[in-house]
Amino acid sequence: MTSPAPLYYERFAPTGDGDRPVMVLVHGGCLSGACYLGTPDGRPGWADDFAGQGYDVVVPDWPGIGRSGSVSGHALSGDLVCAALGALLEQVGRPVVLLVHSMAGPFGYRLVETHGNFIEALVAVAPGPPGNIQPEPVVVAETDSEIELAGPLARRRFPKSGSYIATEQFVQEKLIGRESTRFPRHAVDVFRAGLLPLPAPLMLQRQNLRGGQLRVERADNFAGLPILVVTGSADLEHPRDEDGTTARWLAGLGADVEYRFLADDGIIGNGHMLMLEDNSREIALSIAGWLERTAIPSSTARG
């Protein structure tokens, strides 16, 4: 399949033992695949951690983001991002573990629906909910250029066209988390410098404005699919019940779901950016351990 939009990706050869699936790491909003390549304070990232566990790791940038180049704003949507990521899975041509973070959560659900035969397991890190269960926000105010939305956990103003630029409040409260004790705060400037403008259509779709968030229509490919949902205890916009609801919805589709609220394992203080925090390697190895226990076959795709 030819990709419907430019899609840049990097590939990391496995350095550990074992015959394991390819692992595709999909970034969240205002980020690029660079969030998996290293931490702001200079430690190796999840790409190295998982490659060290024997996974062939693929790290893309969404179309229109980072090194994938530009896509005209009116054409960029979650549907296009998913179509391009689906083409990547077809190009890989082997079973994959799909790991999605934050805003990419609904992309992961859609890819299970459309490309489930290529996906052996889904790991959803602080994932956004699908349109099936995400409530529509209240429109507090709207002009020709901006819209202010109030959701169940936050109230924010967004541009209606162009790009959303992360505000300092968004960086501190949403991405880092003001209660996080794990983020390397001495390296916040490095983290902030790596953030990218997020095309407004994608941001508004993430808010489920007027019901625009991606939905799952067919549950067939979820039956028996191993899914791990992981959330930190200090992620203010992903409290236990919020991501627990997503996990229960996935289980209702027939998936084999484990919901791991890290505090239940004695891991306290993690915010939203689990792959960048001071215990990022510990969390990566925990995910790898879960994958080992699911006994994922590496020679054939689910069918």
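See the structure printed just above.
Residues numbered from 1 in each chain as written. Predicted model: local features only at pLDDT ≥ 70, side-chain atom pairs only at ≥ 80, totals over all residues. Heavy atoms only, no water.

Pairing between the strands of a sheet comes from backbone hydrogen bonds, and it takes one of two forms, parallel or antiparallel. Pairing within the open sheet is mixed, and its 7 strands lie in the order 1-3-2-4-5-11-12. Either end of the sheet is taken by a strand with one partner, and the two such strands are strand 1 (9–12) and strand 12 (256–261). Between one strand axis and the next, the sheet turns by 15° as a mean value, whatever way the strands run. In the packing of helix 2 (residues 78–92) onto the sheet, the strands contacted are strand 1, strand 2 (22–26), strand 3 (56–60), strand 4 (96–101) and strand 5 (119–125), and the crossing angle to strand 2 comes to about 165°. The strands that helix 3 (residues 105–115) touches are strand 4 and strand 5; relative to strand 5, the one it contacts most, it runs at about 165°. (Pairing = 2+ DSSP bridges. Helix = DSSP H or I, 4+ residues; strand = E, 2+ residues; numbered from the N terminus. Axes fitted to C-alpha atoms, helices over the stretch in contact; angles between N-to-C directions. Contact = heavy atoms within 4.5 Å.)

Another point: the pattern of salt bridges. Evaluated as defined, the whole model comprises 25 salt bridges. Of the charged contacts in the structure, one is a salt bridge between Asp56 and Arg11, with a shortest N-O distance of 3.0 Å. On the criterion of sequence distance, the pair formed by Asp56 in strand 3 and Arg11 in strand 1 is long-range, its members being 45 residues apart. Measuring nitrogen to oxygen at the nearest pair gives 2.9 Å for the salt bridge that ties Arg192 to Glu168. Highlighted residues: Arg192 in helix 5 (residues 188–193) and Glu168 in helix 4 (residues 168–176), separated in sequence by 24 residues. We classify Arg192 as partly exposed; its relative accessible area is 29%. Each of Asp79, Arg110, Glu113 and Arg218 takes part in one network of salt bridges that share partners. (Salt bridge = Lys/Arg side-chain N within 4 Å of Asp/Glu carboxyl O. Buried < 20%, exposed > 50% of the residue type's maximum accessible area, 1.4 Å probe, protein only.)

Here we take up the side chain of Asn270. You can see Asn270 is positioned in the loop between strand 12 and helix 8 (280–293). For Asn270, a relative accessible area of 0% translates into the label buried.

Take unusual backbone geometry next. In this model, Ser102 sits at a positive phi of 60°, which is unusual for a non-glycine residue. In this structure, Ser102 sits in the loop between strand 4 and helix 3. For Ser102, a relative accessible area of 8% puts it in the buried group.

Glancing now at the environment of Leu228. Relative to the helices and strands, Leu228 is located in strand 11 (residues 226–231). For the pair Leu228 and Arg218, spaced 10 residues apart in the sequence, the C-alpha separation amounts to 20 Å. The contacts of Leu228, once residues within four sequence positions are left out, are Leu122, Val123, Ala124, Glu258, Arg260, Ile287 and Trp290.

Here we come to the nonpolar core. By size, the foremost hydrophobic cluster in this structure holds 91 residues, and its most contacted members are Trp46 and Phe50. With residues up to four places along the chain from it excluded, the contact list for Phe50 reads Met23, Leu25, Tyr55, Val57, Leu99, Ala284, Ile287 and Ala288. (Core = buried A, V, L, I, M, F, W, Y, C linked by side-chain atoms within 4.5 Å.)

With that out of the way, let us pick up the pairing of strand 7 (residues 146–150). Two strands pair when backbone bridges link them, and strand 6 (residues 138–142) and strand 7 are joined in this way by 4 bridges, in the antiparallel orientation. In the sheet register, Glu142 faces strand 7, and the bridge partner there is Ile147. The antiparallel hairpin formed by strand 6 and strand 7 contains 3 residues in its connecting segment. Linking two consecutive strands that pair antiparallel, namely strand 7 and strand 8 (residues 155–159), is a turn of 4 residues.

Pairing in this open sheet of 3 strands is antiparallel, and the strands run 6-7-8 from one edge to the other. Only two strands of the sheet have a single partner each, and these edge strands are strand 6 and strand 8. With direction set aside, neighbouring strand axes in the sheet form an average angle of 25°. Here strand 7 runs beside strand 8; their pairing, made up of 5 bridges, is antiparallel. Bridge pairing in strand 8 places Leu149 opposite Arg156.

This is a description of form; function is not addressed.
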